[in-house]
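For reference, the chains in residue letters:
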Amino acid sequence: MSSYIIEGGKKLEGKTYVSGSKNASLPIIAATILNQGISKLYNVPRIHDTQMMIEILKKLGCKVKCNKNKVVVDSSNVNNYEIPERLMREMRSSVILAGSIVGRYKKAIFSYPGGCDIGVRPIDLHIKGFEKLGINVQESFGKIICLVDEIKGTEINLDFPSVGATENIILASVLGNGKTIIRNAAMEPEIEDLQNFLNRMGARVEGAGTKTIIINGVHKLKDVSYNIMPDRIETGTLLCAAAVTGGKIVLERANSEHIKPVIDKLEEAGCKIEIERDFIILDAPKKLKAVDINTMPYPGFPTDMQSIFGAILCTATGTSIITENIFESRFKYSGELQRMGAKIIIKDKSLIIKGVRKLYGTKVKATDLRGGAALIVAALKAKGKTEIEDIKYILRGYEKIEKKLIDLGGNIKVLIN
Ligand code: UD1
């Protein structure tokens, strides 16, 4: 398994860019199945998770061509409606395909999804939503079988604004009959990107980005070209990496509107931030100040940035409290940070981080995607050399992260074991 070797202590300076969004690409790639035609996607990040999604599409009978960040899907001849269990286990977002497959074929077979180990991640809200649409959902020998004659528009009130459940219900309803209304929908920008893609393909979806989404079923879709939005979590990660090293960077192809709470917290911690049309300039102080963070569904502070912010607060002046309200077990990375000298106590849903003068390089392990990114950020600040093992988790979600950090002056190498 490969590792990163990072020599800390260098200020990040200069310019880099943000890649296309992982969490927008995954449901949009899944949505191409709905169309009996050609979808051209641009700005798709070449990372493990998008490659896995493409792999599943091919298994279902799609023809897919990839060239750098362009992906062309021809889904006219999809001939399979079962998602292979091995690929399903590779990542949780594969569950999003269920909505598209059942939407197009009126049947779908899949198993429980895998993904990062960040606590219990049930799919009950997805299933309840499907059942409301008239889909019969049965479980047999670990497989989930969805069958329906006709998907009928209805009203669905989500118990919790789950991103995946909102997307799955939209996807299942696009080719349904009549109007579906989702209340208490997730408001994440990736859902708006999915809506924009679907509408460009001929669907009639409105309200994404608000708590109420309305889908008017259509009978047919058409060929489409679409440019995926920038990744807001990568944006936040690169800003944090520069902030912790006391650097100054320009981040191009970024959408600051999507990461307002992250920008607010970086400013509260002492960074100067200037926002231009599609780039962000961050100028960090020598030492950050402690801040408190509460993760919330969008537009609150994103849970995906929690560990990365946790890493930068380890050497801030004062004590910070981070409260995780979305996922259980999302503090595994804190044990690794403690090995680097961080002073952290876990209390119920919160981390209490007492800022220390220095972190020290050592051998640590990525435990999940964002926890792994947190270790990169900590290693960039630490004195000496850090080896981060199991970087496969990081490669699931960050495109060319080491190249971007090297461009900014970071000292990072990949060690292939
Ligand atoms: C998506 C993102 C992930 C992000 C998360 C929250 C993608 C590919 N992933 O994940 O990066 O961290 O949103 O912003 O877009 N829940 C249930 N039952 C369900 C579904 C969810 O109880 O049927 C719970 C989950 O266990 C979790 C919470 O709801 O505690 C949020 O999950 P959800 O919004 O669904 O996250 P994902 O779509 O999995």
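Counting of residues starts from 1 at the beginning of each chain's written sequence and follows it residue by residue. Local features in this predicted model are restricted to residues whose pLDDT is 70 or higher, and side-chain atom pairs enter the listing and the counts only when it is 80 or higher, whereas totals over whole chains, interfaces and linings include all residues. Working from all heavy atoms in the structure, the side-chain values ignore hydrogens and water.

**Some words on the domain arrangement of the protein chain**
Then step 1. For the purposes of this description, domain bounds are those given by an automatic or database domain assignment. Here the protein chain is partitioned into domain 1 (2-19 + 230-416) and domain 2 (22-227).
Then step 2. Between the C-alpha centres of domain 1 and domain 2 the distance comes to 30 Å.
Then step 3. Domain 1 puts 22 residues into the contact, and the matching count from domain 2 is 25 residues.
Then step 4. Computed with a 1.4 Å rolling probe, the buried area is the accessible surface lost when two parts are put together, summed over both parts. Of the roughly 2,000 Å² buried between domain 1 and domain 2, counting both surfaces, carbon and sulfur atoms make up 53%. The contact criterion used throughout is that any non-hydrogen atoms of two residues lie within 4.5 Å.

**Examining unusual backbone geometry**
Then step 1. Here Y298 and P299 are connected by a cis peptide whose omega angle stands at 10 degrees.
Then step 2. Of note, P299 is situated in the loop between strand 17 (293-294) and helix 10 (306-313).
Then step 3. If you check the backbone angles, N43 has positive phi at about 65 degrees while not being a glycine.
Then step 4. In this structure, N43 sits in the loop between strand 3 (38-42) and helix 2 (48-59).
Then step 5. Judged by relative accessible area, which is 22%, N43 ranks as partly exposed.
Then step 6. Unlike most non-glycine residues, R253 shows phi in positive territory, near 55 degrees.
Then step 7. Per the convention used, a helix needs a DSSP run of H or I reaching at least four residues, while a strand needs a run of E reaching at least two, with both numbered from the N terminus. Among the secondary structure elements, R253 is positioned in the loop between strand 14 (248-252) and helix 9 (260-268). Accessible area is worked out with a 1.4 Å probe on protein chains only. A residue is then buried under 20% of its type maximum, exposed over 50%, and partly exposed in between.

**Some words on the site of the ligand**
Then step 1. Around the ligand, the structure places 20 residues, and the nearest of them are D124, L125, S162, D304 and I326.
Then step 2. Contact distances for the ligand include 3.3 Å between an oxygen atom and a backbone N or O atom of P122.
Then step 3. Side-chain atoms alone can form a polar contact between residues adjacent in sequence; in general such a contact is a pair of N or O atoms within 3.5 Å, and within protein one must be able to donate a hydrogen while the other accepts it. Here an oxygen atom of the ligand and a backbone polar atom of I326 are 2.6 Å apart.
Then step 4. Each accessible area value is a Shrake-Rupley result obtained with a 1.4 Å probe; residue values ignore everything except the protein chains displayed when judging cover. Here the ligand has 740 Å² of accessible area as a free molecule, and 85% of this is covered by the chains.
Then step 5. Breaking the shell around the ligand down by element, the ones donating at least two residues are helix 5 (124-132) and helix 6 (163-173).
Then step 6. When residues of the shell around the ligand are assigned to their parent elements, the largest contribution, three residues, is made by helix 5.
Then step 7. In this classification, Asp, Glu, Lys and Arg are treated as charged, Ala, Val, Leu, Ile, Met, Phe, Trp, Tyr, Cys and Pro as nonpolar, and every other residue, Gly included, as polar. Along the lines of polarity and charge, the residues of the shell around the ligand split into eight nonpolar, six polar and six charged.
Then step 8. Of the residues that make up the shell around the ligand, three or more belong to each of domain 1 (2-19 + 230-416) and domain 2 (22-227). Here, proximity means that at least one heavy atom of the residue falls within 4 Å of the molecule or strand.

**Side note on the nonpolar core**
Then step 1. The biggest cluster of nonpolar side chains holds 72 residues, and the ones touching the most others in it are L97, V174 and L198.
Then step 2. Side-chain atoms within 4.5 Å are what join buried Ala, Val, Leu, Ile, Met, Phe, Trp, Tyr and Cys residues into a set we call a nonpolar core. In terms of nonpolar packing, the next biggest core, distinct from the first, is built from 68 residues, I233, I273, A284 and Y333 among them.

**Some points on the pattern of salt bridges**
Then step 1. What counts as a salt bridge is simple: a side-chain nitrogen of Lys or Arg found within 4 Å of a carboxyl oxygen of Asp or Glu. Scanning the entire structure with this criterion turns up 14 salt bridges.
Then step 2. As a salt-bridge pair, K404 and E234 come within 2.5 Å of each other at their nearest N and O atoms. Placement of the pair is K404 in helix 14 (residues 401-407) and E234 in helix 8 (residues 232-244), with a sequence separation of 170 residues. Here K404 matches E234 in class, with each residue buried.

**So, the packing of aromatic side chains**
Note on aromatic pairs: each is described by the distance of the centres and the angle between the planes.
Then step 1. Any two of the Phe, Tyr and Trp rings considered here, Trp counted by its six-membered ring, make a pair once their centres fall within 6.5 Å; the pair's planes then place it as stacked at under 30 degrees, edge-to-face at over 60, or tilted in between. Considering all chains together, one arrives at two aromatic pairs under this definition.
Then step 2. Taking 5.5 Å as the distance between ring centres and 90 degrees as the angle between the ring planes, the aromatic pair formed by F301 and F309 counts as edge-to-face. Exposure class is identical for F301 and F309. Each is buried.
Then step 3. Sitting over the face of the ring of Y17, K404 holds its NZ or CZ atom 4.3 Å from the ring centroid. Lysine and arginine charges are scored as sitting over a ring when NZ or CZ, respectively, is within 6 Å of the ring centre and within 35 degrees of the ring normal.

**Observations regarding the sheet that holds strand 14**
In any sheet, the strands associate via hydrogen bonds between backbone groups, in a parallel or an antiparallel arrangement.
Then step 1. The criterion for strand pairing is that DSSP finds at least two bridges linking the strands in question. One open sheet accounts for four strands, arranged 2-14-16-15; its pairing is mixed. Edge strands, defined here as strands with exactly one partner in the open sheet, are strand 2 (13-17) and strand 15 (272-275). Direction aside, the axes of adjacent strands within the sheet are offset by 15 degrees on average.
Then step 2. As judged from the four bridges shared by strand 15 and strand 16 (residues 279-283), these two strands associate in the antiparallel manner. Looking across to strand 16, one finds that I273 is bridged to L282.
Then step 3. Between the N-to-C directions of two axes lies an angle of 0 to 180 degrees, each axis being a line fitted to C-alpha atoms and, for a helix, fitted only over the stretch in contact. With respect to the sheet, helix 8 is in contact with strand 2, strand 14 and strand 16, its orientation differing from that of strand 14 by roughly 165 degrees.
Then step 4. In this fold helix 9 packs onto strand 15 and strand 16, with an angle of close to 145 degrees to the strand it touches most, strand 15.

**Here's the deal with the sheet that holds strand 3**
Then step 1. Spatially, the four strands line up as an open sheet ordered 4-5-3-13, and their pairing is mixed. This sheet does not close on itself; its edge strands, each paired only once, are strand 4 (63-67) and strand 13 (224-227). Mean inter-strand twist for the sheet, computed between neighbouring axes without regard to direction, equals 15 degrees.
Then step 2. Where strand 3 and strand 5 (residues 70-74) come together, four bridges link them in antiparallel fashion. Bridge pairing in strand 5 links K40 to V72.
Then step 3. Where helix 2 meets the sheet, it contacts strand 4 and strand 5, and its direction lies at approximately 150 degrees from that of strand 4.
Then step 4. On top of the sheet, helix 7 (residues 189-200) reaches strand 3 and strand 13; it is set at about 155 degrees to strand 13, its chief contact.

**A word on the pairing of strand 3**
Working note: regular strand, side chains alternate between the two faces of the sheet.
Then step 1. Only one face of strand 3 is covered, namely the one carrying S39 and L41; the face carrying I38, K40 and Y42 has none of its residues buried.
Then step 2. Two strands pair when backbone bridges link them, and strand 3 and strand 13 are joined in this way by four bridges, in the parallel orientation. Paired with S39 across the strands is V224, a residue of strand 13.

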